[in-house]
Every structure is written in structure tokens, then in C-alpha cells.
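# Descriptive analysis of the structure
Below, each chain spelled out in residue letters.
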Amino acid sequence: MSLLVVGLSHRSAPVSVLERAALHADAQVKLLQDTVAAEPATEAAVLATCNRIELYADVDKFHAGVAELSTLLAQHSGVGLDELTPYLYVHYEDRAVHHLFSVACGLDSMVVGEGQILGQIKDSLARAQELHTAGRLLNDLFQQALRVGKRAHSETGIDRAGQSLVTFGLEQLALGADVPDWARGKKALVIGAGSMSSLAAATLARVGVAEIVIANRTAERAERLAEILNDAGDVVARAVPMDSVSDELTRADVVVSCTGATGLVLTAEAVAAGRGLDTQPGVGGGLSRFGSGAAQAARLPAEHGTEENCPLDLAPLQATPGFSVLGEAAVAGMAASELEQHAAWVDNAPRPQGAVALVDPVGEADVIAALAATAAVIGRVPERRRPEPVAEIPRPTPSLFLLDLAMPRDIDAAVHRLAGVRLVDIESLAEASADAPMAADVDQVRRIVADEVAAFGAALRAAHITPTVVALRTMAADVVASEIARLDGRLPGLDDKQRGEITQTVRRVVDKLLHAPTVRVKQLAAEPGGAGYADALRTLFDLDPETVAAVSRAEDSTTDEKDRGSS
């Protein structure tokens, strides 16, 4: 059996794909159950966080395992296999171990060195144990990953290389200012009461906000979190129901949202209404120039008219009658065929007499054609939420700060166009952390990971031969017992002392004969390529395969009981 991991993360897939592929708790349970029910896999665990979805399994066939795990991920995420496949990565055997250990140390995190991933790995293991999908291999792997992660944080300064996602997000909101100075006296609204939201609330309290309001669908969890914050004495906290979020928006300076909702928790319209902001396009950084065609047409002067026969029903620009597309912002996410259709329409569209062309239709058609070529390769145009800033329309200083840590997103990305609102979400955090300086401690952590991977591989290979060695010693003990019984029949006059001395002597002879070979075979088996020594031992001593398997099952059962007792 062999370790295999198939997954996608912020390093391999755009945020738009990650949020569509996000697995809620019930989907994770069903994925685990279906994985162990599939033919190639005997064990399974899912590591699902805000920026990664990974399926770990113990498989007996590599190619069949990759195909099955990829198919199951697509089925349970709801993203088609053809669309998902380009973003999937595969790690096998030692590479899979190296990957998980790196993840546990925070080396693969969006913010290098963040420690929250350890809690998420622990939760993944607990879920697999509860569902009995984690056997000896995954139990050992995940528990060792937790130890390696803790070692990295205790022995190195990896914590200095990065911060928690919450802290990093607050730094981005503060726009370079000292976070405690920026946060002092502010009123915060935290939506959700799970682990990430609790971390956000605790961080907000630590940096000095004056008040924290917790909104959650389950009132008891919100009240409990508020009680913990109040007991700490650093902040005033209170719990409110989710339907009070719109009211709390009128008072909040900072909003942090991280729920398990599959849809938006805060729409741009709700934020605009809660803050009394103008959602019309134009001066002041309104909501969007690219809303629905009907809504935009209703806001335009009559002389501008509408664009008939536009295949995508895009709205006309207020300053550019007869032309509806301005760069990639308007066509992000469209399929190649749609873009080609629209490019042809733009190229041939009639223009009103006397109209002033702010955008060259021919040049714009070329841009769309280029985007279509890109989309033909990856399926869709990469998402570009932020249009190019308009230099002549300065944005006001933000008065509402939004931090969206959910995947899929809780807060409508369109709110970044609202005047006086600053939004930081998973996507913008990924962009901001891409060029973050790597601390020297990262190299030390990488060395720790390499050493731990080698040690784990050696232990795994040595453990593989242990049932064979145990079966060999058991066979030898049976032979000794049988020969002593025969001796009793031939020499019935032996007293107990004599019989004991003979028995002990025979056992010592057998033990000495087996000692060197069994120690050496364990050492050889621990080396790369040493798996064949177990087969050789079974062949040389004609060991019963079922006896070896029985020993292995007994060891796995003992390990499972110990793991369940410690979880």
C-alpha cells in the first residue's frame, strides 16, 4: 500500500476555482466515505481549509488511485473534472509526506509560518478517526505532521517569517500603519463564531479595538465567544443574531467575516445601504459600471439609448454610447466562445453619427480576441476584480474596513468599488503575500522537514517488515515448544529443574541464531528500496502469509485503539 495525495490550493488554482470547489462539512464526510469504499483506497483523510482542498489516501495502485481520487474530488466539489484537472497536483510516497510536513510547518501557507494550519490538520485527523477512515498509515502520518509542525515553531523563528492570516489581513487593512494605532477605539463586527472567527475576535481584542459584536447563526456559540472576550477584560463584546448584521453595519468600523455559508453573507447593495453610500456609477467610486443591462439602461439619459442585439447583454458605458466593453474587467470569467461572439459583434456594431469614441472599437476587439485565445487554453478568462484605477476620480479615505477570510467568499467583491470602503479578501491577501520577504529561518525549517521525511520513511519501511519478523519469531517459539514436548515423551524422568534448564538453553540458541538476521533485516528494510527484504524473509523461512497478515491486523487494531483514546 502507498501514500497518495491529490489536491488543489492557492498555489495551483485561482481563488474563483477554489471557492467553487470548497467542501462543506457534510461533503467532506461523504468524500471520505466514498474514498474508502472505492477499490484503490483503504484509508482516507481530507484537509480542507480556506485556501486548500487535499485528499490523502492509502492506495494499492498509483494510476488508478490518481484517477479515482481526482474523480471523487470533482464529484463532491461540484466542479467538473475537465475544469478541475488543470489545477490539481499529485504527490506520492515520500513526496506526499514532504508535502504534508511542509504544510504543517506553514511553508505552504498563503502567509508563510502561520500556525493555524496545525489546528486544521488536527481537526482533519479527528474527523477521519471518528469516521474510521484513518488506519495505521494516516494516523502515523498526521500525528507526525503535527509533531513536525510544533518542532518547527519551537526550534526556529518561522513565526517571524509570517503571521496568522488574521494579523496579515489587518495589516493590509491598515495600509502600512501600525495595527494597534489603526485599531484603537474602533468598533468591530465579527460574522461567524468558528475557529477562524474566534481567532479574528481574539486578535481584534489584542490590537485594541473598543468593541466587538459577534453575529452567528447559532446564538449559543456567539454568546459563548462574547463571554470569553468579556472575561479577558480587554474589550467590550456582545452577541447578536445574524439578522442584526445590517443594523450593526451602521455602527461598525471594521467587519471580519468567516462563515461556512455557500452564498454571499454581505452583498455590495447591503453594505451600501447599511452605510448610506451611493451605488450609482460615476463620481465617488460607485458600485459598478458593469451591472445588469436593464439596471444600467434605466440609469442612463434617454439620448444614450441601449445596445440592441448585444449577444452578452452588457450595459453601455455612460460616456461611450454604442460600446459596452472596457478592458478585462467587463469580461472576466466569460467563456472563450462568448468572448469571440462578442468580439465579432463589437467589430461590426454600427456607431451613432457624431459619437465621440473614447475607446477604439478595433483595438478593443483585438483585446477581446486575445482574451479569447487565453480562455481557450484555460477554459475561462482569469478573474480580474479590480478595474484600472481612474486617476481623475480620487477615492475618499476608507471609513469601513472589510476583511473576508471565508472560502467561498462571504463578502461581495464588488464592495471594493464603494466610496469609503476597503475590502481585503483571500485573493488580495494572496497577491500581497506573493512578494513577502522570506526569513532566514525558513531554510532551517526546510532542513527540519527533510530530516523528518527521511526518518518517517525509514520508520515506515522498518514497520513494514515488523509483522514478518514477529511471525518468524512466533514460528521459532512454536518449534521450540514442539521439540520440548517431544523431549518430555522421550525422557519422562526429567525433573522440573532439568526440563527448565533444557528449555531455556534451546530458547537461547534459537534467539541467538535469529538475533543478527532480524536486526540486520530491519536495518536494511529501513533503507530506500528495502521493502523486498520482507518478501525474502517470508520465502526463506516459508512463513504463512496469513500469519503475517494476522500480526499486521493485530498491530493496526492496537494502534487504532490507542489513537482513538488520545484524540
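One can find the structure itself at the top, above this paragraph.
Residues numbered from 1 in each chain as written. Predicted model: local features only at pLDDT ≥ 70, side-chain atom pairs only at ≥ 80, totals over all residues. Heavy atoms only, no water.

Reading across from one edge, 7-6-5-8-9-10 is the order of the 6 strands in this open sheet, with parallel pairing throughout. Edge positions in the sheet fall to strand 7 (236-240) and strand 10 (421-425), since each of these pairs with one other strand and no more. For this sheet the average axis-to-axis angle between neighbouring strands, irrespective of direction, equals 15°. Taken together, the 4 bridges between strand 5 (residues 187-191) and strand 8 (residues 254-257) define a ladder with parallel strand orientation. Of the residues in strand 8, the one forming a bridge with Val-190 is Val-256. Relative to the sheet, helix 9 (residues 165-173) contacts strand 8, strand 9 (400-404) and strand 10, its axis offset from that of strand 9 by approximately 150°. (Pairing = 2+ DSSP bridges. Helix = DSSP H or I, 4+ residues; strand = E, 2+ residues; numbered from the N terminus. Axes fitted to C-alpha atoms, helices over the stretch in contact; angles between N-to-C directions. Contact = heavy atoms within 4.5 Å.)

Across all of its chains, the model carries 4 aromatic pairs by this definition. On the basis of an interplanar angle of 80° and a centroid distance of 5.3 Å, the ring pair of Tyr-56 and Phe-142 is categorised as edge-to-face. In this pair, Tyr-56 is assigned in strand 3 (residues 52-59) and Phe-142 in helix 7 (residues 136-155), connecting sequence segments 86 residues apart. Across this residue pair, the class does not change: Tyr-56 and Phe-142 are buried. Between the aromatic rings of Phe-101 and Phe-456, the centroid separation amounts to 5.9 Å while the plane-to-plane angle is 80°, which identifies the pairing as edge-to-face. Pair noted here: Phe-101 is in helix 5 (residues 94-104) and Phe-456 is in helix 19 (residues 441-490), with a separation of 355 residues, a long-range link. In this structure, Phe-101 and Phe-456 share a single accessibility class: buried. (Phe/Tyr/Trp six-rings, centres within 6.5 Å; stacked < 30°, edge-to-face > 60°. Buried < 20%, exposed > 50% of the residue type's maximum accessible area, 1.4 Å probe, protein only.)

Turning to unusual backbone geometry, a few remarks are in order. With a phi angle near 60°, His-132 is a residue other than glycine that sits in the positive phi range. Summarising the element assignment, His-132 is placed in the loop between helix 6 (116-130) and helix 7. Looking at His-132, the relative accessible area reads 57%, which means it is exposed. For Leu-175, which is not a glycine, the phi torsion comes out positive at approximately 55°.

Attention shifts here to the pairing of strand 5. Judged by how many residues are buried, strand 5 sits mostly within the fold: 4 of 5 residues are covered. Relative to strand 6 (residues 211-215), strand 5 runs parallel, the two sharing 5 bridges. In the sheet register, Val-190 faces strand 6, and the bridge partner there is Ile-214. As for the winding sense of the linkage, the β-α-β connection from strand 5 through helix 11 (residues 195-207) to strand 6 is right-handed. (Right-handed = clockwise from strand over helix to strand, strands pointing away.)

Taken in spatial order, the 4 strands make up an open sheet running 2-3-1-4, and their pairing is antiparallel. Among the strands making up the open sheet, the edge pair consists of strand 2 (41-49) and strand 4 (89-92). Adjacent strand axes in the sheet meet at a mean angle of 15°, parallel and antiparallel pairs treated alike. One ladder, built from 8 bridges, connects strand 2 with strand 3; its direction is antiparallel. Counterpart to Ala-48 in the pairing with strand 3 is Ile-53. Set on the sheet, helix 3 (residues 62-77) makes contact with strand 1 (2-9), strand 3 and strand 4; between it and strand 1 the angle comes to about 35°. Along the sheet, helix 7 contacts strand 1, strand 2 and strand 3; its crossing angle with strand 2, the most-contacted strand, is approximately 30°.

On to the side chain of Asp-410, then. Structurally, Asp-410 can be placed in the loop between strand 9 and strand 10. In this structure Asp-410 is buried but unpaired, with Arg-217 as the nearest side chain of opposite charge at 7.4 Å. At 2.8 Å, the side chain of Asp-410 and the side chain of Ser-257 are in polar contact. A polar side-chain atom of Asp-410 sits 2.8 Å from the main-chain amide nitrogen of Thr-259. Sequence-distant contacts of Asp-410, that is, excluding residues within four places in its chain, are made with Ser-257, Cys-258, Thr-259, Ala-261, Gly-263, Leu-264, Val-265, Leu-266 and Asp-404. (Lys, Arg positive; Asp, Glu negative; His and termini not counted. Salt bridge = Lys/Arg side-chain N within 4 Å of Asp/Glu carboxyl O. Polar contact = N/O pair within 3.5 Å; in protein donor to acceptor, adjacent residues only side chain to side chain.)

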